[in-house]
Amino acid sequence: MANVALGVDIGGTRIKWVRWSPGSGVLDQGEQATPRSGSPAVVAAVAELIARASVQLAGVALPGHLSNDLTAVRLLPNLPGDRPGLPLADELAAQTGARIQLVNDARAFALAELRLGAAKQFDDALFVTMGTGIGGALALNGRILRARGDAVGELGHVICHPGGLPCGCGAHGCLETVAGGQALVARVRAEGGRAETPHEVVQAAARGSGLERAVLEDAGQALGLVLGNVIAYSGVTSVVIGGGVAPAFVFMRPAVEAELAARARLVGPVDLQYARLGPGAGALGAALLVAAQSHRDGDNRSDHELDLGRTADP
Ligand SMILES: [Zn+2]
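Notes on the structure in this doc start here. For clarity, every value in this text was computed on a predicted model and none was experimentally measured. (Residues numbered from 1 in each chain as written. Predicted model: local features only at pLDDT ≥ 70, side-chain atom pairs only at ≥ 80, totals over all residues. Heavy atoms only, no water.)

1. Here we look at the packing of helix 7 (residues 210-234) against helix 8 (residues 249-261)
At a minimum axis separation of 7 Å, helix 7 and helix 8 run at an interaxial angle of 45°. When the interaxial angle is binned, helix 7 and helix 8 end up oblique. Judged by the twist between their axes, the crossing of helix 7 over helix 8 is right-handed. Judged by residue contacts, Arg-213, Leu-216, Glu-217, Ala-219, Gly-220, Gln-221, Leu-223, Gly-224, Leu-225, Leu-227, Gly-228 and Ile-231 of helix 7 engage Phe-249, Phe-251, Met-252, Ala-255, Val-256, Glu-259 and Leu-260 from helix 8. (Axes fitted to C-alpha atoms, helices over the stretch in contact; angles between N-to-C directions. Helix = DSSP H or I, 4+ residues; strand = E, 2+ residues; numbered from the N terminus. Parallel < 35°, antiparallel > 145°, perpendicular 65-115°, else oblique. Left-handed = near helix turned anticlockwise from the far one by under 90°. Contact = heavy atoms within 4.5 Å.)

2. Details of the coordination of the zinc ion
Within the protein, His-157 (ND1), Cys-167 (SG), Cys-169 (SG) and Cys-174 (SG) serve as the donor atoms for the zinc ion, at 2.0 to 2.3 Å. Every donor counted, the four donor atoms about the zinc ion form angles of 100 to 124° at the centre, which fits tetrahedral coordination. Sequence spacing of the donor residues for the zinc ion, all on one chain, is H-x9-C-x1-C-x4-C. (Donors = N, O, S within 2.8 Å, 3.2 Å for Na, K, Ca; no water. Tetrahedral: all angles 85-135°; square planar, octahedral: opposite > 155°, others 65-115°.)

3. A few points about the sheet that holds strand 12 (residues 271-274)
What the five strands build is an open sheet, ordered 10-9-8-11-12; its pairing is mixed. Whereas interior strands pair on both sides, the edge strands pair on one side only; in this sheet they are strand 10 (143-144) and strand 12. In terms of strand pairing, strand 8 (residues 125-130) meets strand 9 (residues 134-140) through six bridges, oriented antiparallel. Opposite Leu-126, over in strand 9, you have Leu-138 as the bridge partner. Across the sheet, helix 7 lies against strand 8, strand 9 and strand 11 (238-242), angled at about 155° from strand 8, the strand it touches most. (Pairing = 2+ DSSP bridges.)

4. Here we look at the packing of aromatic side chains
Within this structure, the stated rule accounts for two aromatic pairs. Their ring planes at 90° and their centres at 6.3 Å tell us that Phe-109 and Phe-127 sit as a pair that is edge-to-face. Of the two residues, Phe-109 is situated in helix 3 (residues 105-116) and Phe-127 in strand 8; the sequence distance between them amounts to 18 residues. There is no split in this pair, since Phe-109 and Phe-127 are both buried. Their ring planes at 85° and their centres at 5.9 Å tell us that Phe-249 and Tyr-274 sit as a pair that is edge-to-face. (Phe/Tyr/Trp six-rings, centres within 6.5 Å; stacked < 30°, edge-to-face > 60°. Buried < 20%, exposed > 50% of the residue type's maximum accessible area, 1.4 Å probe, protein only.)

5. Thoughts on the nonpolar core
Counting residues in hydrophobic clusters, the biggest one holds 40 residues, and the most contacted among them are Leu-227, Ile-231, Val-239 and Met-252. Looking at this core, the elements with two or more residues in it are strand 8, strand 9, helix 4 (176-179), helix 5 (181-190), helix 6 (198-206), helix 7, strand 11 and helix 8. Sort the elements by how many residues they give to this core and helix 7 lands first, with nine residues. Setting aside chain neighbours within four positions, we find Leu-227 in contact with Leu-126, Val-128, Leu-155, Val-239, Val-256 and Leu-260. (Core = buried A, V, L, I, M, F, W, Y, C linked by side-chain atoms within 4.5 Å.)

This is how it looks when you write it as structure tokens:
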């Protein structure tokens, strides 16, 4: 079982996991509710998953920023009982004896889609995760870019409406305040609609409701503006859209395409496609990452991933 890796994706409501091996791919997978009683319960739940999987390698994806050496949690805005500075990798390594690698969930999703999913044919791609907020990641030359705190690719906090609505990050007018799942619901309600979830916004739009369609079109325009800027800056020509609110993209797409078409001379034709690996992509990416890190350390290869940070060893 030395080569088998467990990938765990800790979300605000669900913890998803996948057991993966280089030879056989996905061995099994599952999910459970995220404990609501604080981070010790979350750590215990993940430690139990690792013990039950009897693996030596575990990658753990998180919805937030990490410490510069990628072993501790710096900011987890959407998890109950958030404890900034929680040395998650070291705690899990001590409790389980496994080697632990932390990764931001958007980067984990992107790694899985790049290696095994929608971007398998590409070396360069931009990844967008549409959920309560909006995350992102960037692959260049076949590598997911990662840097201090695993924070490369925060598409949701690119400003599209200067002076606009306040964002959780402290700025105003970030893309997330216009096109994030929570923002879509808030906007619909502010204009008299009744949606309580992003899913209901999409359902109403699918039934032809003009209010929800207009909100999604506005969101699409903002998303298209930001994508056009990032594409102009990075030179990528493929965009992969994923996340639980990705179905909303159907109604944003015409506005996104119009924004990109207006800049076609610079950004060229852009390939927009949906993620292929489903909701387990983040967990799978975390497993791929820790397996790649272990492999790299094993034979001194340095060409697997850029700047993986250190793993926590027991
Ligand atoms: Zn922001």
